[in-house]
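Understanding the architecture of this molecule
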Amino acid sequence: MELPLAPVERIIRNAGAPRVSEAAKKALAEAIEEYAIKISKKAVELAKNSGRKTVKAEDIKLAAKELVKP
(Lines give C-alpha, C1' and ligand atoms only; values in the text may rest on other atoms or scores of the structure.)
Protein backbone atom coordinates (compact mmCIF):
# COMPACT_ATOMS: atom_id res chain seq x y z
CA MET A 1 0.00 0.00 0.00
CA GLU A 2 1.42 3.36 -1.05
CA LEU A 3 -1.08 5.85 0.39
CA PRO A 4 -0.62 7.11 3.94
CA LEU A 5 -3.65 6.30 6.09
CA ALA A 6 -4.05 9.74 7.75
CA PRO A 7 -5.32 11.47 4.57
CA VAL A 8 -7.58 8.49 3.88
CA GLU A 9 -9.04 8.83 7.36
CA ARG A 10 -9.64 12.55 6.73
CA ILE A 11 -11.53 11.70 3.53
CA ILE A 12 -13.81 9.34 5.44
CA ARG A 13 -14.29 11.84 8.27
CA ASN A 14 -15.08 14.61 5.76
CA ALA A 15 -17.80 12.32 4.45
CA GLY A 16 -19.38 12.42 7.90
CA ALA A 17 -17.93 9.50 9.87
CA PRO A 18 -17.20 10.41 13.50
CA ARG A 19 -14.93 7.37 13.93
CA VAL A 20 -12.98 5.28 11.44
CA SER A 21 -11.52 1.82 11.99
CA GLU A 22 -8.05 0.86 10.81
CA ALA A 23 -9.61 -1.77 8.55
CA ALA A 24 -11.85 0.85 6.93
CA LYS A 25 -8.89 3.14 6.27
CA LYS A 26 -6.92 0.30 4.73
CA ALA A 27 -9.88 -0.86 2.62
CA LEU A 28 -10.48 2.61 1.19
CA ALA A 29 -6.76 3.13 0.57
CA GLU A 30 -6.63 -0.14 -1.38
CA ALA A 31 -9.70 0.81 -3.42
CA ILE A 32 -8.27 4.26 -4.18
CA GLU A 33 -4.95 2.74 -5.24
CA GLU A 34 -6.62 0.19 -7.53
CA TYR A 35 -8.66 2.93 -9.20
CA ALA A 36 -5.60 5.22 -9.47
CA ILE A 37 -3.61 2.46 -11.17
CA LYS A 38 -6.41 1.94 -13.73
CA ILE A 39 -6.54 5.68 -14.44
CA SER A 40 -2.75 5.88 -14.67
CA LYS A 41 -2.49 2.97 -17.12
CA LYS A 42 -5.14 4.56 -19.34
CA ALA A 43 -3.39 7.94 -19.11
CA VAL A 44 -0.07 6.39 -20.15
CA GLU A 45 -1.83 4.82 -23.13
CA LEU A 46 -3.35 8.20 -24.08
CA ALA A 47 0.05 9.91 -23.84
CA LYS A 48 1.69 7.22 -26.00
CA ASN A 49 -1.10 7.52 -28.57
CA SER A 50 -0.36 11.26 -28.71
CA GLY A 51 3.33 10.55 -29.33
CA ARG A 52 4.44 11.62 -25.85
CA LYS A 53 6.34 9.95 -23.03
CA THR A 54 5.11 12.51 -20.51
CA VAL A 55 1.70 11.98 -18.92
CA LYS A 56 -0.08 15.32 -18.60
CA ALA A 57 -2.96 16.40 -16.40
CA GLU A 58 -5.24 16.31 -19.44
CA ASP A 59 -4.40 12.60 -19.90
CA ILE A 60 -5.34 11.86 -16.30
CA LYS A 61 -8.60 13.83 -16.57
CA LEU A 62 -9.57 12.15 -19.84
CA ALA A 63 -8.66 8.69 -18.53
CA ALA A 64 -10.76 9.25 -15.41
CA LYS A 65 -13.73 10.36 -17.52
CA GLU A 66 -13.40 7.36 -19.81
CA LEU A 67 -13.26 4.91 -16.90
CA VAL A 68 -16.38 6.39 -15.32
CA LYS A 69 -18.52 6.02 -18.47
CA PRO A 70 -21.49 3.69 -17.95
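Anything mentioned here points back to the structure above.
Residues numbered from 1 in each chain as written. Predicted model: local features only at pLDDT ≥ 70, side-chain atom pairs only at ≥ 80, totals over all residues. Heavy atoms only, no water.

**Digging into the pattern of salt bridges**
Heads up, the condition is: Salt bridge criterion: a side-chain nitrogen from Lys or Arg within 4 Å of a carboxyl oxygen from Asp or Glu.
Going through the model one piece at a time under the given rule, you end up with seven salt bridges. Glu-58 is the partner of Arg-52 in a salt bridge, and the nearest nitrogen-oxygen pair spans 4.0 Å.

**Focus: the packing of helix α1 (residues 5-14) against helix α2 (residues 22-49)**
To be explicit about the condition: Axes, fitted as lines to C-alpha atoms, cover a helix only where it is in contact. Angles between the N-to-C directions of the axes lie from 0 to 180 degrees. Secondary structure is summarised from DSSP: a helix means a run of H or I of at least four residues, a strand means a run of E of at least two, and numbering begins at the N terminus for each. Angles below 35 degrees are treated as roughly parallel, those above 145 as roughly antiparallel, those between 65 and 115 as roughly perpendicular, and all remaining angles as oblique. The criterion used for residue contact is that any of the two residues' heavy atoms lie within 4.5 Å. Any residue that is not Ala, Val, Leu, Ile, Met, Phe, Trp, Tyr, Cys, Pro, Asp, Glu, Lys or Arg is counted as polar, Gly included; the first ten are nonpolar and the last four charged.
One way to put it is that α1 packs onto α2 with a least axis distance of 9 Å and a crossing angle of 100°. Considering their axes alone, α1 and α2 lie roughly perpendicular with respect to each other. For the pair formed by α1 and α2, the contact residues are Leu-5, Val-8, Glu-9, Ile-11 and Ile-12 on the first element and Glu-22, Ala-24, Lys-25, Lys-26, Leu-28, Ala-29 and Ile-32 on the second. Considered class by class, the residues forming the contact of α1 with α2 number eight nonpolar, no polar and four charged.

**Description of the packing of α2 against helix α3 (residues 57-68)**
Rules: Crossing handedness is read from the near helix: turned anticlockwise from the far helix by less than a right angle, it gives a left-handed crossing, and turned clockwise, a right-handed one.
The contact between α2 and α3 brings their axes to 8 Å, and the two run at 120°. Taken together, α2 and α3 sit at an angle that is classed as oblique. Handedness of the α2/α3 crossing: right-handed. Between α2 and α3, the contacting residues are Tyr-35, Lys-38, Ile-39, Lys-42, Ala-43, Leu-46 and Ala-47 on the first element and Asp-59, Ile-60, Leu-62, Ala-63, Ala-64, Glu-66, Leu-67 and Val-68 on the second. Counted by class, the contact of α2 with α3 contains 11 nonpolar, no polar and four charged residues.

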